[in-house]
Amino acid sequence: MRSFSDTDCRSFLTSQQLHVIFQAEPDFWMAMTLNLVHPSDTAGPRVGENDRTRNETIQEEVYCSILEKAYKMFKILNGPLSLAEYPDTKPLKQKLQSFFADYLQKTPFGKLDVLQCFDALSWLPMNRKVFLSVQNVVNSISVNFREVRYSLMLYWDQVVWNDIDLPEALSMAHYITKFLYPDLMEKDIQAIHSSLPAQQFAQGHLGRFFFGPKNLQDSEEVVPPTFAYLTDPESGLAVRYRLVVYSAASIAVCLFLDEASSAASESTKYYRNLDAYLGPAVAAIAPDLAEQYSKQHNPQWSYDSPNVRYIFLNESNLSKKQTLADRNQTVQVELLKALVDIKEDVTNRFDDTEIYEKVLHDCWIYGKRNFQHSLFAVVTQRNADLVLTEEEIRKLCSKEFPSSNDAYL
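Residues numbered from 1 in each chain as written. Predicted model: local features only at pLDDT ≥ 70, side-chain atom pairs only at ≥ 80, totals over all residues. Heavy atoms only, no water.

Trainee: Describe helix H10 (residues 386-400), naming the residues involved and giving the relevant values.
Mentor: End to end, H10 covers 21 Å across 15 residues, agreeing with the expected 21 Å (1.5 Å per residue, within 8%). When H10 is considered as a whole, its buried residues turn out to be Thr389, Glu392, Ile393, Leu396, Cys397 and Glu400. Buried residues of H10 fall within an arc of 135 degrees about the axis and therefore sit on the same side. (Helix = DSSP H or I, 4+ residues; strand = E, 2+ residues; numbered from the N terminus. Expected span 1.5 Å × (residues − 1). Buried < 20%, exposed > 50% of the residue type's maximum accessible area, 1.4 Å probe, protein only. Arc of directions from axis to C-beta.)

Printed below as a string of C-alpha cells:
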C-alpha cells in the first residue's frame, strides 16, 4: 500500500460509486457510499454518456458537506463518539442505528443541491427597537426560569437570538428547521411573502412544545427528558443539558436547561408554567419580527440587478447573506456547480484570493476570500466581458456591503 498524496483523502470516485470519508473524532471515521448507477438500470449508459461524463455531474464536495453535517447533528443530540462513555460498542451501535435510521429517512437526498457547501447561519436583520424587545424576552426567561442556561431563538429559518457556540447553533438551527419542521411549510412561507398584515402571525397564543407533554392539563403525565450536548467554553468537554423547544407565531424558542433540574422540568406543571409565560411573550414580539422578515424579502429592499446572484459568507460569526436561492429567479445548475469549484479553489488558497471565470456563453463566476469574508457571485449578462463583470461586482459590493467594501472586498 502506498499514499498518493500528503493530504487526507475525503472521497474517491469509481465508475459506479462515490465513497465519502470523514474523520469525525480521533479513532472514529464515518463513510458514506452512493450508487451512481441505479440497480434497475440494466440498459447501460444513455446515448453519449460514459463513466467520465456521468461522474463529472457528481460534486464530491457536496456530499462531504452532507456527511459532516450529519455527524455534527448526531453530536449535539447524542454527545461525542467517545469510547470513555461507551466502553462497550454495543450501546454506541444502537444509538447510531436509531439516529441515522431517522436521519436518512428525513433527509431529502434527491432535493439536496450545491448550496449545502455554503452552510452558515442566516441572521434576521433587526432595528434597535426590535432587538431590545427580543433581548428583553430572553433576559426575562433567564430571570423567571433560573434553570435555563442558554437559549436560541429563530424566526422561521433565521436566527433572532443566540448565546451558544456558533457551530452548535448552526447544527441546532438545521435540526429545528429541517427536522422538527419537516417541510418548512411552503404555503406558510409564501404567506409571509404576501401582503398579509404582520399581526396575523401573532393572533392568540397557540404555542406548542416539541418533546413536551401531550396534554398540558394532565398533571399525572411524566415527560421523558430530551437532551442536547454543548461544548463547555472552559474545559472544551461536552456538557449535557435538558432540551426544550417551544414554537408559536412562526418563532421557535430553544432552551437549554441544567441537567440537575431535569426532575423538576419533567412535570406537566413545569411545562404549563413555561407555556403561560412564553406564549404572551413570543406573541408580543411576533408582529415586529414578521415586519422585519417581510422587509428583508421585499424586492425593493434587496439588490435590484437581475444579472447578479451572490452569496456572502462571514466566517467570524458563521453568517451568510445570499440571493442564489431566490424564489422568483433561479440559477442554472451548471453555474451553481461551477460556483462550488470556485469556492474550493478560493478556500484552498491564501487570503486575498480573487478569481474570475467564464463558464458559459455570457456567464461569469466570481469568487473572493479576504479576512474571513468570502463573496461568490454569478453574473449572467449579454455580451459580458471581464471589465463589465468586474464593474457589476463592484456595484454589488458598494450597495450590499458598504461598510466592508474597502476593508474586506
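Trainee: Could you give an account of the side chain of Glu147, naming the residues involved and the relevant values?
Mentor: Here Glu147 is to be found in the loop between helix H4 (128-144) and strand E4 (148-155). Among all residues touching Glu147, those that are not within four sequence positions of it are Phe256, Leu257, Asp258, Ser261 and Tyr270. (Contact = heavy atoms within 4.5 Å.)

Trainee: Any chance you could break down the packing of H4 against helix H8 (residues 268-296) for me, citing the residues and the numbers?
Mentor: Orientation of H4 relative to H8, taken along the N-to-C sense of each, is 165 degrees, at an axis distance of 10 Å. As judged from the angle between their axes, H4 and H8 are roughly antiparallel. For the pair H4 and H8, the crossing hand works out as left-handed. For the pair formed by H4 and H8, the contact residues are Val130, Ser133, Val134, Val137, Ser140, Ile141 and Asn144 on the first element and Tyr277, Leu278, Ala281, Ile285, Asp288, Leu289 and Gln292 on the second. Residues that form the contact of H4 with H8 fall into these classes: nine nonpolar, four polar and one charged. (Axes fitted to C-alpha atoms, helices over the stretch in contact; angles between N-to-C directions. Parallel < 35°, antiparallel > 145°, perpendicular 65-115°, else oblique. Left-handed = near helix turned anticlockwise from the far one by under 90°. Nonpolar A, V, L, I, M, F, W, Y, C, P; charged D, E, K, R; others polar.)

Trainee: Kindly report on the packing of aromatic side chains, identifying the contributing residues and their values.
Mentor: Note on aromatic pairs: each is described by the distance of the centres and the angle between the planes. Per the counting criterion, the structure on display carries 18 aromatic pairs. Ring geometry for Phe145 against Tyr270: centres 6.1 Å apart, planes inclined by 80 degrees, an arrangement best described as edge-to-face. One end of the pair, Phe145, is in the loop between H4 and E4; the other, Tyr270, is in helix H8, with 125 residues separating them in the sequence. Neither residue differs from the other here; Phe145 and Tyr270 are each classed as buried. (Phe/Tyr/Trp six-rings, centres within 6.5 Å; stacked < 30°, edge-to-face > 60°.)

Trainee: Account for the sheet that holds strand E12 (residues 353-360), with residues named and values stated.
Mentor: A sheet is described by the order of its strands in space; here five strands give the open sequence E11-E10-E14-E13-E12, paired in antiparallel fashion. In the strand order of this sheet, the two ends are held by strand E11 (319-322) and E12, each with one partner. For this sheet the average axis-to-axis angle between neighbouring strands, irrespective of direction, equals 10 degrees. Taken together, the seven bridges between strand E10 (residues 308-314) and strand E14 (residues 373-380) define a ladder with antiparallel strand orientation. Residue pairing across strands places Val308 opposite Val379, the latter belonging to E14. The sheet strands contacting helix H9 (residues 333-347) are E12, strand E13 (363-370) and E14, and the helix crosses E13 at an angle near 30 degrees. (Pairing = 2+ DSSP bridges.)

Trainee: Lay out the packing of helix H2 (residues 60-78) against helix H5 (residues 166-180) with the relevant residues and their values.
Mentor: Close contact between H2 and H5 brings their axes to 9 Å; oriented N to C, the two are set at 95 degrees. With respect to their mutual orientation, H2 and H5 come out roughly perpendicular. Taken together, the residues of H5 that come into contact with H2 (itself represented by Lys69, Lys72, Met73, Ile76 and Leu77) are Glu168, Ser171, Met172, His174, Tyr175 and Phe179.

Trainee: So what's going on with the sheet that holds strand E1 (residues 11-13)? Which residues, and what values?
Mentor: Across the sheet, three strands lie side by side as E1-E2-E3; this open sheet has antiparallel pairing. Strands at the two margins of the open sheet, each flanked by one partner only, are E1 and strand E3 (28-35). In this sheet, neighbouring strand axes are inclined to one another by 15 degrees on average, regardless of whether the strands run parallel or antiparallel. With eight bridges connecting them, strand E2 (residues 17-25) and E3 associate as antiparallel partners. Across the sheet, the residue bridging to Phe22 is Met30, located in E3. Strand contacts of H2: E1, E2 and E3, with the helix running at about 40 degrees to E2, the strand carrying the most contacts.

Trainee: Quick one: what's the story with the nonpolar core, residue by residue and with numbers?
Mentor: Judged by nonpolar contacts, the single largest core of 69 residues is most densely connected at Tyr63, Phe118, Met172, Ile176, Cys254, Phe256 and Phe376. For this core, the element with the most residues is H2, which contributes eleven residues. Apart from the residues lying within four places of it in its own chain, the contact partners of Cys254 are Tyr150, Ser151, Leu152, Met172, Ile176, Leu243, Val244 and Val245. If you look at the next biggest cluster of nonpolar residues, it comprises 33 residues, including Val253, Ala286, Leu289 and Tyr293. (Core = buried A, V, L, I, M, F, W, Y, C linked by side-chain atoms within 4.5 Å.)

Trainee: I'd like to hear about the pairing of strand E8 (residues 238-248), residue by residue, with values.
Mentor: Taken across its eleven residues, E8 has eight buried, putting it largely inside the fold. Inspection of the sheet shows strand E6 (residues 208-210) paired to E8 by three bridges, in the antiparallel sense. Bridging across to E8, Phe210 finds its partner in Val245. Note: strand E7 (residues 227-231) against E8, five bridges, orientation antiparallel.

Trainee: Break down the pairing of E2 for me, citing the residues and quoting the values.
Mentor: Summarising the sheet, E1 and E2 pair through three bridges and their orientation is antiparallel. Bridging across to E2, Phe12 finds its partner in His19. Hairpin remark: E1 followed by E2, antiparallel, with three residues in the connecting loop. In this structure, the hairpin formed by E2 and E3 is closed by a connection of two residues, where Asp27 is found at a positive phi of approximately 75 degrees.

Trainee: Quick one: what's the story with the pattern of salt bridges, residue by residue and with numbers?
Mentor: Applying the stated criterion across every chain yields a total of ten salt bridges. We note a salt bridge from Glu68 to Lys72, for which the minimum N-O separation is 3.4 Å. Here Glu68 and its partner Lys72 are both found in helix H2, four residues apart, which amounts to about one turn of the helix. Residue class for Glu68 comes out partly exposed when judged on its relative accessible area of 25%. The salt bridge partner of Glu315 is Arg369, with a shortest N-O separation of 2.9 Å. Pair noted here: Glu315 is in the loop between E10 and E11 and Arg369 is in strand E13, with a separation of 54 residues, a long-range link. (Salt bridge = Lys/Arg side-chain N within 4 Å of Asp/Glu carboxyl O.)

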